[in-house]
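Geometric and topological summary
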Amino acid sequence: MEIINRRQRMSSVARKVRREQDQTIGLVPTMGALHEGHLSLVREARRMCDIVVVSVFVNPTQFGPSEDFSNYPRDLTKDTALLTDYNVDFIFAPTVEEIYPKNFSTYVTVEGLSEQLEGVARPGHFRGVATVVAILFNLIRPDFAFFGQKDAQQAVIVRRMVRDLAFDAEIVVMPTVREESGLALSSRNAYLNDEERHAASVIYRALKRAKEAHKGGERSGSRIAGIVRATIETEPRARIDYISVADADTLERLEKMDDRAILVSIAVTIGDTRLIDNTILNRAKQKEAVTTQV
Ligand code: PAF
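What you see as residue numbers is a count from 1 along each chain, following the sequence as written. Reporting of local features is limited, given that this is a predicted model, to residues whose pLDDT is at least 70; pairs of side-chain atoms are given and counted only at 80 or more, and all residues count toward the totals for whole chains, interfaces and linings. Excluded from the side-chain calculation are hydrogens and water; included are all heavy atoms of the structure.

It is worth spelling out helix α6 (residues 125-140) at this point. Helix and strand assignments come from DSSP, with helices taken as H or I runs of at least 4 residues and strands as E runs of at least 2, each series counted from the N terminus. Every helix has an expected span of 1.5 Å times one less than the residues it contains. In this model α6 runs 23 Å from its N-terminal to its C-terminal C-alpha over 16 residues, within 8% of the 22 Å that 1.5 Å per residue would give. Most of α6 sits inside the fold, with 14 of its 16 residues counted as buried. Where α6 ends, the next residue or the one after it, Arg141, has phi of about 50 degrees, a positive value. Exposure is judged per residue with a 1.4 Å probe applied to protein chains only, and the accessible area is read against the type maximum: over 50% gives exposed, under 20% gives buried, and values in between give partly exposed.

This part is about the site of the ligand. Working definition: residue near molecule or strand if any one of its non-hydrogen atoms lies within 4 Å of it. Near the ligand, the surroundings consist of Pro29, Thr30, Met31, Asn59, Gln62, Val129, Val132, Phe147 and Gln154. The separation between an oxygen atom of the ligand and a polar side-chain atom of Gln154 is 2.7 Å. For accessible areas, the Shrake-Rupley method is used with a probe of radius 1.4 Å. Any residue's cover is judged against the shown protein chains and nothing else. A total of 290 Å² of accessible area belongs to the ligand in isolation, and the protein chains cover 88% of it. Within the residue set of the shell around the ligand, elements represented by two or more residues are β2 (25-30) and α6. As a working rule, the residues Ala, Val, Leu, Ile, Met, Phe, Trp, Tyr, Cys and Pro are called nonpolar, Asp, Glu, Lys and Arg charged, and the rest polar, with Gly in that last group. Residue composition of the shell around the ligand, by class: five nonpolar, four polar and no charged. Definition of a polar contact: a pair of N or O atoms within 3.5 Å, with one able to donate and the other able to accept a hydrogen when the atoms are protein atoms, and with sequence-neighbouring residues admitted only if both atoms are side-chain atoms.

The term salt bridge refers to a pairing of a side-chain nitrogen on Lys or Arg with a carboxyl oxygen on Asp or Glu at a separation within 4 Å. Enumeration over the complete set of coordinates arrives at 19 salt bridges. Measuring nitrogen to oxygen at the nearest pair gives 2.8 Å for the salt bridge that ties Arg163 to Asp164. On the accessibility criterion, Arg163 (61% relative accessible area) is exposed. One continuous salt-bridge network, built from bridges that share partners, spans Asp247, Glu252, Asp258 and Arg260.

We note that Ala33 has phi near 50 degrees; this positive angle belongs to a residue other than glycine. Relative to the elements of secondary structure, Ala33 occurs in the loop between β2 and α2 (36-48). Residues other than glycine seldom take positive phi values, yet Ala166 does so here, at roughly 55 degrees. Mapped onto the elements, Ala166 comes out in the loop between α7 (152-164) and β6 (170-174).

The next subject is the packing of helix α1 (residues 7-19) against α6. Remark: α1 packs on α6, axes separated minimally by 7 Å, with the N-to-C direction vectors making an angle of 50 degrees. Considering the angle they form, α1 stands oblique to α6. Touching Arg7, Met10, Ser11, Ala14 and Arg18 of α1 are Ile135, Leu139 and Ile140, all from α6. Of the residues in the contact of α1 with α6, the class split is five nonpolar, one polar and two charged. As a rule, the C-alpha atoms of each element are fitted with a line to give its axis, helices using only the stretch in contact, and angles between N-to-C directions run from 0 to 180 degrees. Comment on the angle field: the value is read as roughly parallel under 35 degrees, roughly antiparallel over 145, roughly perpendicular from 65 to 115, and oblique elsewhere. Any two residues whose heavy atoms approach within 4.5 Å at even a single point are treated as in contact.

Okay, the sheet that holds strand β9 (residues 273-281) next. When DSSP locates at least two bridges between a pair of strands, those strands are taken to pair. Here we have three strands laid out as an open sheet, ordered β7-β8-β9, and antiparallel in their pairing. Each edge of the sheet is formed by a strand with only one pairing partner; in this case those strands are β7 (238-247) and β9. If you compare each strand with its neighbour and ignore which way they point, the axes differ by 15 degrees on average. Sheet topology places strand β8 (residues 262-270) next to β9; nine bridges connect them, and they run antiparallel.

This part covers the nonpolar core. Counting residues in each nonpolar core, the largest one holds 50 residues, and the members touching the most others are Val53, Phe92, Phe137, Ile140 and Met161. A per-element tally of this core places α6 first, with 11 residues. Every residue in contact with Ile140, bar those within four places of it in the chain, is listed here: Met10, Ala14, Arg18, Ile25, Leu27, Val53 and Phe92. What makes a nonpolar core is a set of buried Ala, Val, Leu, Ile, Met, Phe, Trp, Tyr and Cys residues whose side-chain atoms join them at distances within 4.5 Å. Formed by 26 residues, the second largest nonpolar core is a distinct cluster that contains Leu207, Val245, Ile270 and Leu275.

Printed below as a string of structure tokens:
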């Protein structure tokens, strides 16, 4: 396994792998602080691709001014040790200057999808995500890139960007990995104390209730949202930011649910930690490889 810090080295290694060795490249983009959720992506990349690249880059452009960019957990030594066990070929761990050279001024905005849900509380977040993913795709030219269903809106936006800008990468979205309590794994769970972590399991219970209601024949978006809300409100530590019942590809909010894939997504703050989670209803209707475990 080689750790690469320079963008030029990364692109020349990737070019060589593609051209001279005719091997497929799988990219797992991360911000480090790796947990089982990331490792499930790495495992799938290892299974599907000849060469696996994991990028570890805490991307400043996707953090708002009052967000946790400087405190975001960083431990490349630990991440490297974990990835060694997974037989990863390259870790790309560039500096901020390497990704955003002096006078950087070109951004990618996926309009319409980026301003809603997470985009309301985090303006500019998805512009930062789309921009860094586009840079990584251009440097590495992966055949496949792996993302988690937990960040459902991110996955939808990356898919749209790939389609609109004709990137030659296939996006693979892997199921959310959960703790035994149902809490979705996230690097931000590290901010929860024991009581908050326990309280946070209400999110999964709420999503399960939505799924059960849908299975039982409920087809009203607002009633499904109401079921989620009522469950979350049983937990006094939880403050709801949003509950959305929407088309899983366009994120258009739905009142009357038909048989298309539907994304039920929620953002909840527990203590000082904002958590997001989601489930898909009518999962079979969603495009290939997009799955969730809830
Ligand atoms: O999901 C993440 O960790 C980040 O948003 C990503 C995709 C690595 C871009 O910085």
